[in-house]
Amino acid sequence: MLKDKLFSATKSLSRFTAQTFACTALIFFSVWGGMELWFAYSEKGAPYVTTDRAVVYEMLEAVDVSSEDVVYDLGSGDGRIPIAAAKKYGARGVGVEIDSSLVVRSRARAEEVGVASQVEFRRQDLFNTDLSDATVVTLYLFRDMNIRLRPKLLRQLDPGDRIVSHDFGMGRWEPDRVIDGGPDKTGRATLYVWTVPEKIPQRLLQIPEDLQE
C-alpha cells in the first residue's frame, strides 16, 4: 500500500516537473523569439516581409518602368523588385538592404537569372543612400518610415521621378494615384503612386516629432 502511494506520488512529481520544464521552455523561447524580432526590427526599421511576385509587377507597371529607368528599392529584401525591373523591363536596378545575408542572396539570384550586370545590391542604411540617380523608387516600409524618408526623396529626386509604395502612404503628401495591386499576404495590396513635383511645398519637407499627420 505504502509502496503504491510512493509510486503514485513519484509519478505525479515527475509529471509536474515535466510540465513545469515544458512551460519554462515555452516561455523562454517565446521571449527569445520576441527579442530576436525586436532586434531585427530595431536594426531594419521594418520587418522583412516579401512582396508577392504579382504585386511586384503591378508596382513596376504602376510607375511605367522602362529600359530608361534606374529603379531603387529601399529595403530590398531578397532583391526581387530590382531583379524584376532588370529582367522584364530592361531597367537598371539598385537594391538597398541592411541585412547582409539578404544582400548575398540577392546577388546570387541576380547571377542565376542573368541580370547581374544590370543590378547592384548595397548593404547600406537607406537613410544614408544617395538617391540622386534614381528615376523610380519602390517602398514597402511602414508609414512612419515613409514620412521620415519623404524630405530625402523630395530633395534628392528630380521633378518627374516616380515613387510607388506597397500598402503605406506618406502622411500629408497625398498620392497622385491609389491602385488596387491585387491579392497579397494581407488580403489585397494597395499601391500609392507619387510623381515628384516641380515646386515642393515646404510642409512636405518637415517631419513632425510624433510622425503623426
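Shown above is the structure to which this text applies.
Residues numbered from 1 in each chain as written. Predicted model: local features only at pLDDT ≥ 70, side-chain atom pairs only at ≥ 80, totals over all residues. Heavy atoms only, no water.

Peer 1: Lay out the nonpolar core with the relevant residues and their values.
Peer 2: Counting residues in each nonpolar core, the largest one holds 24 residues, and the members touching the most others are Tyr72, Leu74, Val137, Leu139, Leu153, Leu157 and Ile163. Secondary structure elements with two or more residues in this core: strand E1 (70-74), strand E2 (92-97), strand E4 (136-139), helix H5 (143-156) and strand E7 (187-195). Of the residues forming this core, the biggest block, four residues, is contributed by H5. Those residues in contact with Leu153, other than ones at most four positions away along the chain, are Leu131, Val137, Leu139, Ile163 and Met170. Residues Val71, Ala84, Ala91 and Val193 belong to the second largest nonpolar core, which totals 18 residues. (Core = buried A, V, L, I, M, F, W, Y, C linked by side-chain atoms within 4.5 Å. Buried < 20%, exposed > 50% of the residue type's maximum accessible area, 1.4 Å probe, protein only. Helix = DSSP H or I, 4+ residues; strand = E, 2+ residues; numbered from the N terminus. Contact = heavy atoms within 4.5 Å.)

Peer 1: Describe the packing of aromatic side chains, listing the residues and the values that go with them.
Peer 2: Two aromatic rings, taken as a pair, are described by how far apart their centres are and by the angle between their planes. Following the criterion strictly, the structure yields three aromatic pairs and no others. The interplanar angle of 90° and the centroid separation of 5.5 Å between the aromatic rings of Phe142 and Phe168 together place this pair among those described as edge-to-face. Here Phe168 lies in the loop between strand E5 (162-166) and strand E6 (177-184) and Phe142 lies in the loop between E4 and H5, a separation of 26 residues in the sequence. Using a relative accessible area of 29% as the deciding quantity, one classes Phe142 as partly exposed. Relative to Trp194, the ring of Trp173 has its centre 5.7 Å away and its plane inclined at 35°; by these criteria the two rings are tilted. (Phe/Tyr/Trp six-rings, centres within 6.5 Å; stacked < 30°, edge-to-face > 60°.)

Peer 1: Lay out helix H4 (residues 100-113) in plain terms, naming residues and giving numbers.
Peer 2: With 14 residues, H4 extends 20 Å between its outermost C-alpha atoms, agreeing within 8% with the 20 Å of an ideal straight helix rising 1.5 Å per residue. Within H4 the residues assigned to the buried category are Leu102, Val103, Ser106, Ala110 and Val113. The buried residues of H4 occupy an angular sector of 105° when the element is viewed end-on, so they sit on one face. Exposed and facing more than 90 degrees away from the buried side of H4 are Val104, Glu111 and Glu112. Residue Gly114 follows H4 closely and has a positive phi angle near 85°. (Expected span 1.5 Å × (residues − 1). Arc of directions from axis to C-beta.)

Peer 1: Could you give an account of the pattern of salt bridges, with specific residues and numbers?
Peer 2: Close approach of charged atoms lets side chains of opposite charge pair. All told, the structure shown has seven salt bridges when counted by the stated rule. Note that Arg80 and Asp78 form a salt bridge whose closest N and O atoms lie 2.7 Å from each other. Note on accessibility: Arg80 and Asp78 belong to one class, buried. For Asp180, the salt bridge identified is with Arg188, shortest N-O distance 3.1 Å. (Salt bridge = Lys/Arg side-chain N within 4 Å of Asp/Glu carboxyl O.)

Fair warning: the whole summary comes from geometry, so function is off the table for now.
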